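# Topology and contacts: notes
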Amino acid sequence: MHYVKKLLFTAVLTGVAHAAVIGQQKGQQPNVIIIYADDLGYGDISCNGATRVKTPHIDRLASEGIRFTNGHATAATCTPSRYSILTGEYAWRKKGTNILPGNASLIVPTDRTTLGNVFQRAGYSTACIGKWHLGIGAQGEPDWNGELKPGPLETGFDYAFFFPATADRVPTVYVENHRVVALDPKDTIQVNYHQKIGNEPTGKENPELLKMHSTPGQGHNQTIVNGIGRIGWMTGGQRARWTDESLAGDFVNQAQLFIEEHHRKPFFLYLSLSDIHVPRMPGTRFKGKSEMGYRGDVIMQLDWSVGEIMKTLNYLGIAKSTIVIFSSDNGPVLDDGYIDGAVAQQSGHQPAGAMRGGKYSILEGGTRVPFILSWPGTVKPGVSGALVNQVDLLASFAAMLRQPLKENEAPDSWNILGTLLGKSQAGRSSMVEQAGTLALVKGDWKYIVPQRGPKLLKDVNIESGLDTIPQLYNLKADLGEKNNVAAAHPEMVKEMATMLETIKTSGRSR
Ligand code: NG6
Ligand code: CA
């Protein structure tokens, strides 16, 4: 071959090879967005059977991706589920991981490998936007007027815009990285969860000032912020307080800004929306838009948020290089402390679908939640009945990004990447559920550990699933967990109880 020609040929070949390598690397480095809803039940979205409220954007995500019908949070409340999704560890292994007050210190050890860390190791930009609820600061009270750390930035995120706990807990302020947003140093924030501080009106003393009443006997009647009684007392920080009607839009805006700024390189966004947790106070344009009161309205608002994120991906031309996962931190609840029409206007809507129980419950309605994954052009659309759990995202993405995990990292996170991407129907073979007691799901069987406690959680009108006798259900034949067959299958009860004991004592299940 002529020398110059040969040189050219080699250059072209090298170029091709180089491009292929880059292409391959890029192919394995999609952006990842987890849209985490709060308290959204399996049956609250129309692609899972809801008819009285429509969720077109979430439905589209499902029709373009995989809709998992057996997808789970690890627990039936927020803090433990969030602890697990971020650490890959069952929360019941660690003390102090139940629902946290708004002034709790950080419960995720900063030396633990988190989901965010896995992406960081692979060179991603990472962000946490939305509800946090894993505590902030080292031991003792967080310094609301100073540096708030450690928090998300010390546990795997390069950027964070969040509120500390839940929308019904003080302080009702946003934190950006280490500081309260818009804080006036002359109007410092004080928070107390034991006694009243300052002289601002409270829901208890000044119910005439409320725009939404709390349910008698369920608290939520302490400091009034934006016409809503909260859990806990706060003073100061007037300029920094959020407006509930703007929460959804604020988080979506921050997410869009982050995506726009980072879309040229791989990014990971943990977008933990406040909808549909109480207080349900939809943006003005969504108020009264559904047939189901504010609870229906905020489902529509949540759907809108998902639509806005997808619009952003399309507009930036990155829809095909972005995995979007949509799920919820626990099952549904109607009355969780405020009289907002959820109970009165439910008529016929089944928030937990065909399942028994809901938030706070060890029954399937507690942890089996909406679970959708889309990666247009790469993942073939479909429906999967495989058992998948949010705790598995860490090991699965670690595998996708070729970031090996050490023995002690993410001890309960299984690599089920093939299942999540629709290449396998296998899923997990077993899983532990948590809510007041533990349950082991293995294949079609579910065993619930005996535990004393109320069978009906009266305030929220949800069956706890607790019983002093062992419970065994065949979920394939009896998804509604109506027939306890423990007495007929003592050997299965024994086998599952022993297996659960081993999972507990070994400290890991991966
Ligand atoms: C409960 C609250 C409930 C909600 C929940 C946390 C009462 C009576 N109820 O203790 O309103 O805030 O905690 O929800 O205070 S979660 O989704 O963050 O776990
Ligand atoms: Ca929740």
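Everything numeric in this text was worked out from a predicted model, so none of it was measured.

Next up on the list: the coordination of the calcium ion (ligand 2). At this site the calcium ion (ligand 2) is bound by Asp38 (OD), Asp39 (OD), Asp329 (OD), Asp329 (OD) and Asn330 (OD1), with donor distances of 2.2 to 2.8 Å. For the calcium ion (ligand 2), the 6 donor atoms are set out with angles of 50 to 175° between them, so the coordination reads as irregular. Between the donor residues of the calcium ion (ligand 2), the gaps in sequence give the motif D-D-x289-D-N. Taken as a pair, Asp38 in the loop between β1 (31-37) and α2 (56-64) and Asp329 in the loop between β13 (322-328) and α7 (364-367) lie far apart in primary sequence, 291 residues in all. Both residues of the pair, Asp38 and Asp329, count as buried.

This part takes up the UniProt feature "domain: Sulfatase N-terminal" (unreviewed entry) in the protein. Per the UniProt record, "domain: Sulfatase N-terminal" (unreviewed entry) is annotated on residues 30-399. Spanning residues 30-399, this segment combines 21% helix with 16% strand, and its end C-alpha atoms are found 13 Å apart.

What the rule picks out here adds up to 29 salt bridges. A salt bridge links Arg169 to Asp168; its shortest N-O distance comes to 3.1 Å. Here Arg169 falls in the buried class, since its relative accessible area comes to 13%. Here Arg368 ties to Glu364 by a salt bridge, and the two come within 3.1 Å at their closest N and O atoms. Of the two residues, Arg368 and Glu364, both sit in the buried class.

Membership of the largest hydrophobic core comes to 62 residues, with the highest contact counts inside it found for Ile34, Leu115, Val180, Phe268, Ile323 and Phe397. Per-element accounting of this core gives the leading share, 6 residues, to helix α8 (residues 393-400). Counting residues domain by domain, this core receives three or more from each of domain 1 (29-182 + 241-422) and domain 2 (190-235). Setting aside residues no more than four positions away along its own chain, Leu115 makes contact with Ile34, Ile85, Leu86, Phe268, Leu393, Leu394 and Phe397. Ile129, Leu271, Val298 and Phe326 belong to the second largest nonpolar core, which has 43 residues in total.

What follows deals with the sheet that holds strand β22 (residues 471-474). Read from one edge to the other, the open sheet built from 4 strands follows the order β17-β18-β19-β22, with strand pairing classed as antiparallel. Single-partner strands in this sheet number two, and they are β17 (430-434) and β22. Mean inter-strand twist for the sheet, computed between neighbouring axes without regard to direction, equals 20°. Sheet analysis places strand β18 (residues 438-442) next to strand β19 (residues 445-448), joined by 4 bridges and oriented antiparallel. Residue pairing in the sheet places Val441 in a bridge with Lys446 of β19. Sitting on the sheet, helix α10 (residues 490-506) touches β17, β18, β19 and β22, and the angle it makes with β18 is about 110°.

Reading the values: rules and limits
Residues numbered from 1 in each chain as written. Chains lettered and ligands numbered in written order. Predicted model: local features only at pLDDT ≥ 70, side-chain atom pairs only at ≥ 80, totals over all residues. Heavy atoms only, no water. Donors = N, O, S within 2.8 Å, 3.2 Å for Na, K, Ca; no water. Tetrahedral: all angles 85-135°; square planar, octahedral: opposite > 155°, others 65-115°. Helix = DSSP H or I, 4+ residues; strand = E, 2+ residues; numbered from the N terminus. Buried < 20%, exposed > 50% of the residue type's maximum accessible area, 1.4 Å probe, protein only. UniProt positions renumbered as here; feature names shortened; annotations may be inferred. Salt bridge = Lys/Arg side-chain N within 4 Å of Asp/Glu carboxyl O. Core = buried A, V, L, I, M, F, W, Y, C linked by side-chain atoms within 4.5 Å. Domains from an automatic or database assignment. Contact = heavy atoms within 4.5 Å. Pairing = 2+ DSSP bridges. Axes fitted to C-alpha atoms, helices over the stretch in contact; angles between N-to-C directions.

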